[in-house]
Amino acid sequence: MFAEMAGYFQNNMDDFLRAIATHAAISALALFLAAAIGIPAGILCVRHRGVQRWVVPLFQALRILPSLAVLFLLIPVLGTGLLPALVALVLLAVPSILLNTVAGLLQTPEFMLETAAACGMTRGQIWRSVWLPMALPMILTGIKNAVTEIIASATLAAKIGAGGLGEIIFTGLGLYRFDLLLAGGLTVALLSLLAAGSVSLLGRLLMRYKYV
Amino acid sequence: MHAIEFCDVSKKFHGSAQNAVDHVSFAAEEGEFITILGSSGCGKTTLLKLVNRLYEPDAGSILLFGEDIADADVTNLRRRIGYVIQQIGLFPHMTVAANIAVVPELLHWEKERISARTDELLTLVGLPPEEYRSRYPGQLSGGQQQRIGLARALAADPKLMLLDEPFGAVDPITRAKLQEELLQIHGGLGKTFLFVTHDIEEAFRLGNRVIIMNAGKILQFDTPEQIIKHPADEFVVSMMRSVQEKERFWRELL
Ligand SMILES: Nc1ncnc2c1ncn2[C@@H]1O[C@H](COP(=O)(O)OP(=O)(O)O)[C@@H](O)[C@H]1O
Ligand SMILES: [Mg+2]
């Protein structure tokens with residue numbers, strides 16, 4: 001078993017590394033896009049109660065949709081390959097980022113914002129210096145949930161031809177190659193842990209006040 | 001010229017039947033320590049927030065040193081007025097020094113001037129700068145946090161200070177100490193203080209003049225001695241009586 005795995009790594013190191021790189025790249029891009037959509041959308045929701053009333057329930061519903069379903073539902077629309085996989089991953093990740101952004105912003109007490117205004121901050125300064133920093137812990141939690149979800153779901157993206165570690169896993173499934181399954185699965189788990197750890201580390205760096 | 005003047009000011013909240021602040025007129029001079037006394041919900045906070053324009057009046061005008069605040073740029077106005085609240089509202093993600101420096105930063109003071117001012121204020125409120133400047137609010141006791149809140153409000157040397165029940169949430173011993181220190185700080189700076197409280201002893205101890213409010217209106221505005229000698233109406237009389245009863249209670253006990 002371990003001999004087999006060692007053999008696999010000896011012969012297929014390039015493929016393996018390429019799969020990791022693809023997996024990481026898709027995931028990073030999806031996370032970036034999801035954050036670029038989710039955080040501004042969350043801010044918009046808080047600024048306009050009207051938007052919030054239909055956006056938040058929509059994304060709460062989207063959140064409970066299984067990732068596999070989203071992936072396959074997109075095939076008739078976008079076909080197969082990298083793009084639909086990316087779209088699916090972004091769709092999966094936006095809800096947790098958006099909903100956490102909204103929750104983080106709404107849980108900031110009114111008197112904090114009023115105090116900031118009373119100090120003579122402009123609206124923009126209040127957002128930058130007080131409101132967003134105070135919502136940051138929740139936003140980062142959303143990002144952390146999103147990144148683990150993305151990395152796990154990106155495995156399934158191989159099913160529609162996006163490549164990545166899922167390819168190794170599905171090949172392993174097809175050929176009854178337990179070594180491939182293990183190598184792929186463990187690497188996905190490791191990648192996921194690494195990403196979540198990095199987000200936590202970022203949080204510790206950005207929010208020193210929480211850890212003194 | 002008055003430091004602050006209210007001219008027939010009214011404020012009504014949306015969906016409310018009566019005015020939260022109802023045809024209020026009064027004037028205070030520079031250097032005065034005015035306390036505003038009244039029971040919860042009588043409009044004290046609303047009155048204070050009209051001064052730094054967190055609320056806009058529905059009628060009447062408010063003058064600061066002769067200038068109608070409605071004509072002032074609102075952020076500039078606020079940077080010239082210190083504001084302290086019961087919930088303190090220190091920014092948890094900023095150090096003590098950064099909290100104190102908020103308004104000076106907004107005013108683009110130079111770095112050296114800001115750090116010198118921060119240390120000066122920490123000393124003024126009785127917290128050694130070396131020990132406290134790089135702490136976060138979460139590492140301070142309630143009384144210390146309120147000291148920082150006070151220092152932040154004083155940072156840009158405003159001529160007017162608004163204090164909304166600043167000691168409402170601290171224990172009685174700390175409270176008495178903070179009251180004493182606040183009096184000293186006021187005496188040394190020549191600023192005008194508007195200090196809101198629902199505690200009658202606090203109001204009479206701190207204020208050189210006391211505004212007594214009920215249901216959005218000013219019932220009486222006078223020195224503590226005059227209010228005690230000539231209470232304006234039945235409400236003020238009953239307030240005085242409650243203090244006497246409390247005193248009798250303690251005398252019998254001790
Ligand atoms: N933002 C607001 N919206 C609606 N009503 C308010 C608001 N703030 C205060 N009020 C009402 O105005 C009245 C005066 O409130 P406030 O000024 O906070 O009283 P105080 O500070 O003396 O306890 C109360 O009846 C209160 O319910
Ligand atoms: Mg109040």
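All residue numbers here refer to positions counted from 1 along the written sequence of the relevant chain. Just so you know, chain letters begin at A and ligand numbers begin at 1, following the order they were written in. Given that this is a predicted model, residues contribute local features only at a pLDDT of at least 70 and side-chain atom pairs are listed and counted only at 80 or more, while totals for whole chains, interfaces and linings are drawn from all residues. Values shown for side chains rest on all heavy atoms present in the structure; no hydrogens or waters enter the calculation.

1. Quick look at the packing of helix α2 (residues 49–64) of chain A against helix α4 (residues 82–106) of chain A
Residue and element names in this part refer to chain A.
Phase 1 of the analysis: Between α2 and α4, the shortest axis-to-axis distance is 9 Å and the interhelical angle comes to 135°. Between α2 and α4, the angle is such that the two are oblique. Crossing handedness for the pair α2 and α4: left-handed. On α4, the residues that touch Arg49, Gln52, Val55, Val56, Phe59, Gln60, Leu62 and Arg63 of α2 are Leu91, Val94, Pro95, Ser96, Leu98, Leu99, Asn100, Val102 and Leu106.
Phase 2 of the analysis: Of the residues assigned to the contact of α2 with α4, the class counts are 11 nonpolar, four polar and two charged. Here an axis means a line fitted to C-alpha atoms, over the contact stretch when the element is a helix, while the angle between two N-to-C directions is reported on a 0 to 180 degree scale. Helix and strand definitions follow DSSP, with helices as H or I runs of at least four residues and strands as E runs of at least two, each counted in order from the N terminus. Any angle that is under 35 degrees is reported as roughly parallel, and any over 145 degrees as roughly antiparallel; angles of 65 to 115 degrees are reported as roughly perpendicular and all others as oblique. Each crossing is labelled by how the near helix is turned from the far one, with a counterclockwise turn of less than a right angle marking it left-handed and a clockwise turn marking it right-handed. Any pair of residues with heavy atoms lying within 4.5 Å of one another is described as a contacting pair. Ten residue types, Ala, Val, Leu, Ile, Met, Phe, Trp, Tyr, Cys and Pro, are classed as nonpolar, four, Asp, Glu, Lys and Arg, as charged, and the remainder, Gly among them, as polar.

2. Points about helix α6 (residues 123–157) of chain A
Phase 1 of the analysis: Along its 35 residues, α6 of chain A runs just 42 Å from first to last C-alpha, ending more than 12% under the 51 Å computed at 1.5 Å per residue.
Phase 2 of the analysis: In α6 of chain A, a bend of some 50° at Leu136 of chain A exceeds every other bend along the element, and Pro137 of chain A, a proline, comes one to four places later. Each helix should span, by expectation, one fewer than its residue count multiplied by 1.5 Å. The quantity called bend is, for any residue, the angle between two axes fitted respectively to the seven residues ending at it and the seven beginning at it.

3. Some words on the interface of chain A and chain B
Accessible area lost when the parts come together is the quantity often used to give the size of an interface.
Phase 1 of the analysis: Listed by partner, the interface residues are 19 residues for chain A and 23 residues for chain B.
Phase 2 of the analysis: Of the roughly 1800 Å² buried at the junction of chain A and chain B (both faces included), carbon and sulfur atoms supply 72%.
Phase 3 of the analysis: Summed over both partners, the accessible area (1.4 Å probe) lost when two parts come together is defined as the buried area. Considering only the surface of chain A that becomes buried against chain B, Ala118, Cys119 and Tyr209 of chain A emerge as the three largest contributors, covering 30% of it.
Phase 4 of the analysis: Salt bridges, as used here, are contacts in which a Lys or Arg side-chain nitrogen is within 4 Å of a carboxyl oxygen on Asp or Glu. The tally of links between chain A and chain B comes to one salt bridge.
Phase 5 of the analysis: Between Glu114 of chain A and Lys49 of chain B there is a salt bridge, with its nearest N and O atoms 2.6 Å apart.
Phase 6 of the analysis: Pairing of N or O atoms within 3.5 Å defines a polar contact, subject to two protein rules: one partner must be a possible hydrogen donor and the other a possible acceptor, and residues neighboring in sequence count only if both atoms are side-chain atoms. Summed over the shared surface of chain A and chain B, the result is three residue pairs in polar contact (both at pLDDT 80 or more).
Phase 7 of the analysis: Of all the elements in the fold, those that place two or more residues in the side of chain A that touches chain B are α5 (110–118) and α6 of chain A.

4. Here's the deal with empty space enclosed by the protein
Phase 1 of the analysis: Here a cavity denotes a set of grid points, spaced 1 Å apart and computed over the protein atoms alone, in which a 1.4 Å probe fits but from which it cannot get out, and a pocket denotes an open set meeting protein on both sides within 12 Å along at least five of seven lines; residues with an atom within 4 Å of a point are reported as lining. Grid points are joined across faces, edges and corners, and a volume is the space filled by probe spheres set on the points. Throughout the structure, instances matching the rule amount to two cavities of 30 Å³ or more.
Phase 2 of the analysis: In terms of lining residues, the largest cavity is bounded by Thr115, Ala118 and Cys119 of chain A together with Arg78, Arg79, Ile81, Gly82, Tyr83, Val103, Arg152, Ala153 and Ala156 of chain B.
Phase 3 of the analysis: When residues of the lining of the largest cavity are traced back to their parent elements, those giving at least two are α5 of chain A together with α2 (74–79), β6 (81–85) and α7 (142–154) of chain B.
Phase 4 of the analysis: By residue number, the principal contributor to the lining of the largest cavity is β6 of chain B, which donates three residues.
Phase 5 of the analysis: Here the lining of the largest cavity is composed, by residue class, of seven nonpolar, two polar and three charged.
Phase 6 of the analysis: Taken as a whole, the second largest cavity holds about 40 Å³ of empty space.
Phase 7 of the analysis: In terms of lining residues, the second largest cavity is bounded by Glu165, Gly168, Arg175, Val196, Thr197, His198, Asp199 and Glu202 of chain B.
Phase 8 of the analysis: Considered class by class, the residues forming the lining of the second largest cavity number one nonpolar, three polar and four charged.

5. Let's talk about the layout of surface pockets
Residues and elements named next belong to chain A.
Phase 1 of the analysis: Computed from the structure, the largest pocket encloses a volume of approximately 470 Å³.
Phase 2 of the analysis: Surrounding the largest pocket, 21 residues form its lining, Glu110, Leu113, Arg123, Ile126 and Trp131 being those nearest its centre.
Phase 3 of the analysis: Elements represented by at least two residues in the lining of the largest pocket include exactly α1 (2–47), α4, α5 and α6.
Phase 4 of the analysis: Considering only residue class, the lining of the largest pocket consists of 11 nonpolar, two polar and eight charged.

6. A few points about a nonpolar patch on the surface
Phase 1 of the analysis: A contiguous nonpolar surface patch, about 370 Å² in accessible area, is contributed by Leu29, Phe32, Leu33 and Ile37 of chain A.
Phase 2 of the analysis: Three labels apply to residues, based on accessible area from a 1.4 Å probe with only protein chains included: buried if under 20% of the type maximum, exposed if over 50%, partly exposed otherwise in between. By relative accessible area, which is 44% here, Ile37 of chain A ends up partly exposed. Only residues above 30% relative accessible area that lack a salt bridge enter a patch, with like-charged residues linked at up to 9 Å and the nonpolar side chains Val, Leu, Ile, Met, Phe, Trp and Tyr linked at up to 5 Å. Per-residue and other accessible areas were derived by the Shrake-Rupley procedure at a 1.4 Å probe size, with only the shown protein chains allowed to occlude residues.

7. Considering the environment of Ala6 of chain A
Phase 1 of the analysis: The topology assignment puts Ala6 of chain A in helix α1.
Phase 2 of the analysis: Residues Ala6 of chain A and Asp179 of chain A, spaced 173 residues apart in sequence, show a C-alpha to C-alpha distance of 8.9 Å.

8. Re unusual backbone geometry
Residue and element names in this part refer to chain B.
Phase 1 of the analysis: Unlike most non-glycine residues, Ile88 shows phi in positive territory, near 70°.
Phase 2 of the analysis: Within the fold, Ile88 resides in the loop between β6 and α3 (96–100).
Phase 3 of the analysis: Overall, Ile88 belongs to the buried group, its relative accessible area being 10%.
Phase 4 of the analysis: Not every positive phi belongs to a glycine, and His108 is a case in point at roughly 60°.
Phase 5 of the analysis: Position of His108 relative to the elements: it lies in the loop between α4 (102–106) and α5 (111–124).

9. A few points about the site of ligand 1
Residue and element names in this part refer to chain B.
Phase 1 of the analysis: By nearness alone, every residue bordering ligand 1 is listed as Phe13, Ala20, Ser39, Ser40, Gly41, Cys42, Gly43, Lys44, Thr45, Thr46 and Tyr55.
Phase 2 of the analysis: Between ligand 1 and Gly41, the relevant distance is 2.6 Å, taken from an oxygen atom to a main-chain nitrogen or oxygen of the residue.
Phase 3 of the analysis: Between ligand 1 and Lys44, the relevant distance is 2.8 Å, taken from an oxygen atom to a side-chain nitrogen or oxygen of the residue.
Phase 4 of the analysis: Considered on its own, ligand 1 offers 550 Å² of accessible surface; in the complex 57% of this is hidden by protein. Here a residue is considered near a molecule or strand provided that any single heavy atom belonging to it is located within 4 Å of it.

10. What about the nonpolar core?
All names here are of chain B.
Phase 1 of the analysis: Among the buried residues, those of types Ala, Val, Leu, Ile, Met, Phe, Trp, Tyr and Cys that are joined through side-chain atoms within 4.5 Å form a nonpolar core. Among the nonpolar cores identified, the biggest contains 103 residues, and Phe6, Val51 and Leu194 are the most heavily contacted of them.
Phase 2 of the analysis: Ignoring any residue separated from it by four or fewer positions in sequence, one finds Leu194 in contact with Ile4, Phe26, Ile34, Ile36, Leu48, Val51, Met161, Leu162 and Leu163.
Phase 3 of the analysis: Judged by nonpolar contacts, the second largest core, of 28 residues, contains Leu127, Tyr132, Ala153 and Met161.

11. Let's talk about the pairing of strand β10 (residues 217–222) of chain B
All names here are of chain B.
Phase 1 of the analysis: Following DSSP output, two strands are said to pair if at least two bridges run between them. Pairing geometry for strand β9 (residues 209–214) and β10, over five bridges, is antiparallel. Counterpart to Asn214 in the pairing with β10 is Lys217.
Phase 2 of the analysis: Here β9 folds back onto β10, and the loop between the two strands holds two residues, one of which, Ala215, carries a positive phi near 50°.

12. Here's the deal with the confidence of the model for chain B
Phase 1 of the analysis: With 100% of its residues at a pLDDT of 70 or more, chain B shows a mean pLDDT of 95.
Phase 2 of the analysis: The ipTM assigned to the predicted complex is 0.92, against a pTM of 0.90. Confidence of the predictor in every single residue is expressed as pLDDT, which spans 0 to 100.

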